[in-house]
Amino acid sequence: MNLVDQADQAASFDVAVIGAGVVGAALARAFTLAGAKVVVLEKAVDVLDGASKGNSAILHTGFDAPEGSVELACIREGYALYHDIRDRLGLPLVRAGAMVLAWTEEEEAGLPALVAQALANGVTDVQPLTGPEARALEPALSPAVRAGFRVPGEHLIDPWSAAHGYLLQALANGAVLMRQAEVLAGRRSGDGWHLATTAGEVSASLVINAAGLWGDEVDRRVTGESWFTIRPRKGQFVVYDKTAAALAGHILLPVPTKITKGIVVCRTAFGNLLVGPTAEEQDDREHATVERATLQALMQRGTEILPALAGHEVTAVYAGLRPATEAKEYRIRTDLAPGYICVGGIRSTGLSAALGIAAHVVRLAGRHDTAIADPVWPRMPNISVDGTRDWQCPGHGGIVCHCELVTRREIEAALTGPLAAGSLAGLKRRTRVTMGRCQGFYCSAELARMTEGRLAQPMVGPSHD
Ligand SMILES: Cc1cc2nc3c(=O)[nH]c(=O)nc-3n(C[C@H](O)[C@H](O)[C@H](O)COP(=O)(O)OP(=O)(O)OC[C@H]3O[C@@H](n4cnc5c(N)ncnc54)[C@H](O)[C@@H]3O)c2cc1C
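Fair warning: this is a prediction, and the values are worked out from it, not measured in the lab. Residue positions within a chain follow its written sequence, with the count starting from 1. Selection of residues for local features in this predicted model requires a pLDDT of at least 70, selection of side-chain atom pairs for listing and counting requires 80 or more, and totals for whole chains, interfaces and linings are taken over all residues. Note that water and hydrogens are dropped before the side-chain values are worked out from all heavy atoms of the structure.

1. Observations regarding the environment of Gly186
How we decide: Each helix is a run of DSSP H or I of at least 4 residues and each strand a run of E of at least 2, with the numbering of both proceeding from the N terminus. Here's how the labels work: a residue is buried when its accessible area is under 20% of the maximum for its type, exposed when over 50%, partly exposed in between, all with a 1.4 Å probe on protein chains only. Only heavy atoms enter the contact rule, under which two residues are in contact if any of them lie within 4.5 Å.
Here Gly186 shows up in strand 10 (residues 183-189). With a relative accessible area of 23%, Gly186 lands in the partly exposed category. Ignoring sequence-local partners within four residues, the contact set of Gly186 consists of Trp193, His194, Leu195, Arg221 and Val222.

Encoded structure:
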């Protein structure tokens, strides 16, 4: 497999985006559609291998974002843009709505301030709820709920097809993706930059650091210094079987603290029920382990919120790392070096804000007045509960993963094309293969046959990453 997708051109670009997480993908799309020749440099064998591989997948309205912040503006714009483009890119939307719920007297006392903040943030359709009103909307809720408010605009999306769709549209309109291209150093010369990468040298007029959990390190490698420090914040999750999804139509949010949005209970776009995430600081930027005691505490919290959850099975567990820093704000700056923009510290709202961040950075770079004519709009295959699945359409070639109903045609499609999967984890993100009840027990052998010689990082057996 050619890891330097579409790249005969080890040459010169208008824009080099470092990092193919959801933010880098959205940046690549926005600059490409603005007419720039873009290269995306990703150190991993596949895209979405950092913070973007494990999150709660909530499309936030920004109701609780810091007032007047860049983060709020980017969430608001990103939210609107997602609604704008999702039909053309074939991206799903599960219109769940959220409820912020108070379980203690202290939390209840905090509700009016949160409602006021939502209104100030432009989220004007929030609706206060008494405990009985909350339970009338969500009958499986524990009677211990005291009060809350509804945020009808909070929704659920597929965290991976969104980012894949942004990147695929960039590639379809001329951008270049280089994988296994870790940026090692930068050198300014004339009007541009020369970036030394593990896949060779790349030149660009504008360099954008979207390196997520390595944002501070990439600043140091390219500009010689770093102005913030990444403090990875782990979030562990428990994923319940699909039968549990009927217990909660809304996204059930706690009253947030200064550090975290807290433990959420919500459906997923794939039809499961999720409890998590935790917020645990750690030094390790690569590994997000799960711990039995923490998972048990999450299950305990889940059953306190939805007592009937106790009768449901857990399908999977996972953890993700937020690229948090010593401050809450996004770390976006244009003044560190000429032709260099840092888009770092996109902590816990990056999935919702990505399209807004990209639009903001395009404006910062002064590229907002140009647009290519008639851009190509590739369509993403639907693997969510929002719409028809491939197994429901003729000619799919048979079902390979019976738990998640993944077809042979879907797997073949994910192994080919400009954004072909580079690893089993990448194949899972594109198709959900092995992600159901049996966690690959039944389909891994067939999958190993189908992927032989086609993944940059070969399958080594049933994987649970
Ligand atoms: C537990 C958890 C729950 C969350 N829930 C939500 C939610 O519900 N809604 C929401 O909107 N957001 C949520 N988020 C936040 C969201 O996932 C992040 O904000 C987002 O993924 C950050 O994306 P990024 O592109 O900035 O970083 P990343 O995804 O980390 O991407 C950076 C990329 O850069 C690459 N890279 C690093 N160094 C180099 C180098 N030297 N050269 C080349 N490439 C390099 C990495 O391999 C990586 O692929 C959550 C996050 C977590 C962890």
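On we go from here.
2. Side note on the packing of aromatic side chains
The line we're drawing: Here the aromatic set is Phe, Tyr and Trp, taking the six-membered ring for Trp, and pairing holds for ring centres within 6.5 Å; pairs whose planes are under 30 degrees apart are stacked, those over 60 apart are edge-to-face, and all others are tilted. Geometrically, a charge over a ring is one whose NZ (Lys) or CZ (Arg) sits within 6 Å of the ring centre while staying within 35 degrees of the ring normal.
Evaluation of the coordinates by the stated rule reveals 6 aromatic pairs. Geometrically, the ring pair formed by Trp227 and Phe228 is edge-to-face, given 5.4 Å between the ring centres and 85° between the ring planes. By relative accessible area, Trp227 is classed as partly exposed at 25%. A relative accessible area of 2% places Phe228 in the buried class. Taking 4.5 Å as the distance between ring centres and 15° as the angle between the ring planes, the aromatic pair formed by Phe237 and Tyr318 counts as stacked. You can see Phe237 sitting in strand 13 (residues 233-240) and its partner Tyr318 sitting in strand 18 (residues 314-322), a full 81 residues away along the chain. You can call Phe237 buried: its relative accessible area is 3%. Given a relative accessible area of 24%, Tyr318 falls into the partly exposed group. If you follow Arg333 out to its NZ or CZ, it ends over the ring of Trp227, 4.5 Å from the centre.

3. Things to note about the side chain of Glu138
The line we're drawing: His is not counted here, nor are the chain ends, while Lys and Arg score as positive and Asp and Glu score as negative. The salt bridge definition used is simple: a Lys or Arg side-chain nitrogen within 4 Å of an Asp or Glu carboxyl oxygen.
Locating Glu138 in the fold gives a position in the loop between helix 4 (131-137) and strand 7 (147-151). Put simply, Glu138 is tucked away with no salt bridge, and the nearest opposite charge, on Arg267, sits 7.0 Å away.

4. Looking at the site of the ligand
Formally: The criterion for a residue being near a molecule or strand is simple. One of its heavy atoms has to lie within 4 Å of it. Side-chain atoms alone can form a polar contact between residues adjacent in sequence; in general such a contact is a pair of N or O atoms within 3.5 Å, and within protein one must be able to donate a hydrogen while the other accepts it. When residue character is reported, Ala, Val, Leu, Ile, Met, Phe, Trp, Tyr, Cys and Pro are called nonpolar, Asp, Glu, Lys and Arg charged, and the others, Gly included, polar. Domain delimitation follows an automatic or database domain assignment.
Around the ligand, a shell composed of 42 residues is seen, among which Glu42, Ala51, Ser52, Ile346 and Ser352 lie nearest. At a separation of 3.4 Å, a nitrogen atom of the ligand approaches a polar side-chain atom of His60. Measuring from an oxygen atom of the ligand, one finds a backbone N or O atom of Ile346 at 2.7 Å. At the level of secondary structure, the elements contributing two or more residues to the shell around the ligand comprise helix 1 (22-33), helix 6 (215-223), strand 13, strand 18 and helix 8 (350-364). Residues that form the shell around the ligand fall into these classes: 20 nonpolar, 15 polar and 7 charged. Each of two domains, domain 1 (9-54 + 159-229 + 327-364) and domain 2 (98-152 + 231-322), supplies a minimum of three residues to the shell around the ligand.

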